[in-house]
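Residue strings, one per chain:
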Amino acid sequence: MSRRHLRLVAVALATLLFAACDSAPPGVYREQLFAFGTLVDISLYGVEPQAARQAVAAVDALFQQQNRDWHAWQRGELDSLNQAIAAGKSFRPDASVVQLVRLGQRFERLSHGLFNPAIGHLLKLWGFQKDEPGPEPPDPAAVKHWLRAAPSTLQLQIDEGRISSSNPAVKLDFGGFAKGYSVASAVELLSRRGIHNLIVNAGGDLCLRGRHGDRPWRIGIRAPDGNGVLASLDLEGAACVFTSGDYERYFVYQGKRYAHILDPRTGEPARGVHSVTVVADDAALADAAATALFVAGVPDWRQIARDMSVREVLLMDAAGVAHVTATLKPLVHFQHPPAAIETVQLDNPPRP
Ligand code: ADP
Ligand code: MG
């Protein structure tokens with residue numbers, strides 16, 4: 001197991017232990033899978049063990065298929081599409097890839113380009129399209145060259161499922177929202193099997209449905225340093241909680257940390273924020289918005305949150321200050337008090 005995997009397991013275990021001390025009660029069926037390079041913990045409430053086992057096996061099969069189809073740098077549907085784009089050709093990928101492209105275009109538009117799933121070549125330059133990121137920053141001339149090429153998902157045309165690009169510099173990478181889309185598809189699969197009280201937790205990013213028996217589900221938000229739990233939330237009904245952090249994937253070069261969320265305006269890793277958590281019904285949106293708000297940083301996150309129509313946000317800035325929206329604040333129980341808590345009203349309508 002690689003260091004990254006060990007770290008991921010440790011993070012996931014921290015989340016699980018936290019959940020365990022709160023619960024592990026009768027009535028919950030719990031199983032873990034490994035997918036998308038992370039541990040996925042599935043909790044189903046009030047389901048017969050055999051039905052639960054079969055449901056989880058179906059989710060596992062779905063995840064493995066999606067992992068193959070959407071992988072950013074291994075052979076598969078997305079890779080074939082990216083090769084066609086680079087060669088100036090068109091390609092008809094699996095329908096799920098077309099759907100992800102459409103969603104990616106929507107998120108890029110709503111975030112004013114801060115979320116841009118066409119930045120695959122830039123991620124590769126920075127060494128993030130491989131298992132072990134790094135080892136050093138790219139040649140600044142290569143980054144400038146990429147900035148001039150200005151790839152965007154809005155340069156893609158979709159014609160009856162066939163995709164082409166007016167810009168061969170587009171290289172799709174769904175890393176910023178595929179996990180969200182995937183967790184949502186797992187929840188849908190479980191709902192179709194009549195399971196309505198559940199959590200699908202992919203390494204701390206999760207969707208939940210229903211309740212934990214006679215009380216809400218209690219979930220943990222990872223601490224920005226990757227150790228333990230920053231805060232807990234009691235949620236019920238339909239909610240997804242997605243966090244983007246600078247502790248997820250990074251390398252250190254000459255004492256400086258370079259993390260995997262890149263600012264498409266500068267071509268450099270986004271700075272100034274440790275983590276962003278978004279709570280929303282729509283998992284893919286929550287996932288994309290957490291990444292977009294990370295890029296937007298302290299000066300701009302409010303505007304981007306409004307434009308992406310997300311209301312529940314907790315942003316931990318580099319100074320340890322928690323910025324939390326007024327609607328989310330009552331639900332958040334900090335385990336370690338932050339340096340300061342700033343409550344934010346997000347009441348302006350979205351920009352046109
Ligand atoms: P995690 O849950 O692992 O922190 P995120 O949801 O924050 O992941 O997404 C980070 C991933 O998103 C990166 O590994 C990369 O694949 C992709 N990515 C990085 N920067 C951007 C960006 N500006 N726009 C869209 N996707 C990005
Ligand atoms: Mg994301």
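Scroll up for the structure.
The structure reproduced in this document is the subject of the present report. The structure displayed is predicted, hence computed values, not measured ones.

Regarding the site of ligand 1
Link 1 in the chain: Near ligand 1, the surroundings consist of 21 residues, among which N116, D173, S244, H260 and L262 are the closest.
Link 2 in the chain: Here an oxygen atom of ligand 1 sits 2.5 Å away from a polar atom, N or O, in the side chain of S244.
Link 3 in the chain: Protein contacts shield 93% of the accessible area of ligand 1, which totals 570 Å² for the unbound molecule.
Link 4 in the chain: For the shell around ligand 1, the secondary structure elements donating two or more residues are β9 (237-245) and α8 (283-307).

Some thoughts on the sheet that holds strand β7 (residues 217-222)
Link 1 in the chain: A sheet is described by the order of its strands in space; here three strands give the open sequence β7-β8-β17, paired in antiparallel fashion. The open sheet has two edge strands, β7 and β17 (332-334), and neither has a second partner. Shown here is a sheet whose adjacent strand axes are inclined to one another by a mean of 25 degrees, direction ignored.
Link 2 in the chain: Of the pairings in the sheet, the one linking strand β8 (residues 229-235) to β17 comprises three bridges and is antiparallel in character. Bridge pairing links S232 to H333 in β17.

As for the pairing of strand β14 (residues 273-280)
Link 1 in the chain: Of all eight residues making up β14, seven are buried, and the element is well covered by its neighbours.
Link 2 in the chain: Strand direction decides the pairing type here: β9 and β14, joined by six bridges, are antiparallel. Across the sheet, the residue bridging to G245 is S275, located in β14.
Link 3 in the chain: In this structure, β14 lies alongside strand β15 (residues 312-317), joined through six bridges in antiparallel fashion. Of the residues in β15, the one forming a bridge with S275 is M316.

Focus: the state of the cysteines
Here a disulfide denotes a covalent bond joining the sulfur atom of one cysteine to the sulfur atom of another.
Link 1 in the chain: Counted according to the given criterion, the structure contains one disulfide.
Link 2 in the chain: Here C207 connects covalently by a disulfide to C240, the sulfurs 2.2 Å from one another. A torsion of 100 degrees about the S-S bond marks the disulfide between C207 and C240 as right-handed. One end of the pair, C207, is in strand β6 (residues 205-210); the other, C240, is in strand β9, with 33 residues separating them in the sequence. Take C207 and C240: they sit in the same class, and that class is buried.

Observations concerning unusual backbone geometry
Link 1 in the chain: The amide bond that connects G134 to the next residue, P135, takes the cis arrangement and shows omega of 10 degrees.
Link 2 in the chain: By the element assignment, P135 lies in the loop between α5 (120-125) and α6 (140-149).
Link 3 in the chain: If you check the backbone angles, S309 has positive phi at about 60 degrees while not being a glycine.
Link 4 in the chain: Along the chain, the position of S309 falls in the loop between α8 and β15.

Observations regarding the nonpolar core
Link 1 in the chain: In this structure, F174, V200 and V278 are the most contacted members of the largest nonpolar core, which totals 72 residues.
Link 2 in the chain: Of all the elements, α8 adds the most residues to this core, at 15 residues.
Link 3 in the chain: In this view, V278 contacts C240, V241, F242, A286, A289, A290, L293, V310, E312 and V313; residues no more than four positions away in its chain are not counted.
Link 4 in the chain: I219, A231, A239 and V324 belong to the second-largest nonpolar core, a separate cluster that totals 20 residues.

Thresholds applied
Residues numbered from 1 in each chain as written. Chains lettered and ligands numbered in written order. Predicted model: local features only at pLDDT ≥ 70, side-chain atom pairs only at ≥ 80, totals over all residues. Heavy atoms only, no water. Near = heavy atom within 4 Å. Polar contact = N/O pair within 3.5 Å; in protein donor to acceptor, adjacent residues only side chain to side chain. Areas by Shrake-Rupley, 256 points an atom, 1.4 Å probe, with all protein chains shown as cover. Helix = DSSP H or I, 4+ residues; strand = E, 2+ residues; numbered from the N terminus. Pairing = 2+ DSSP bridges. Axes fitted to C-alpha atoms, helices over the stretch in contact; angles between N-to-C directions. Buried < 20%, exposed > 50% of the residue type's maximum accessible area, 1.4 Å probe, protein only. Disulfide = S-S within 2.5 Å. Core = buried A, V, L, I, M, F, W, Y, C linked by side-chain atoms within 4.5 Å. Contact = heavy atoms within 4.5 Å.

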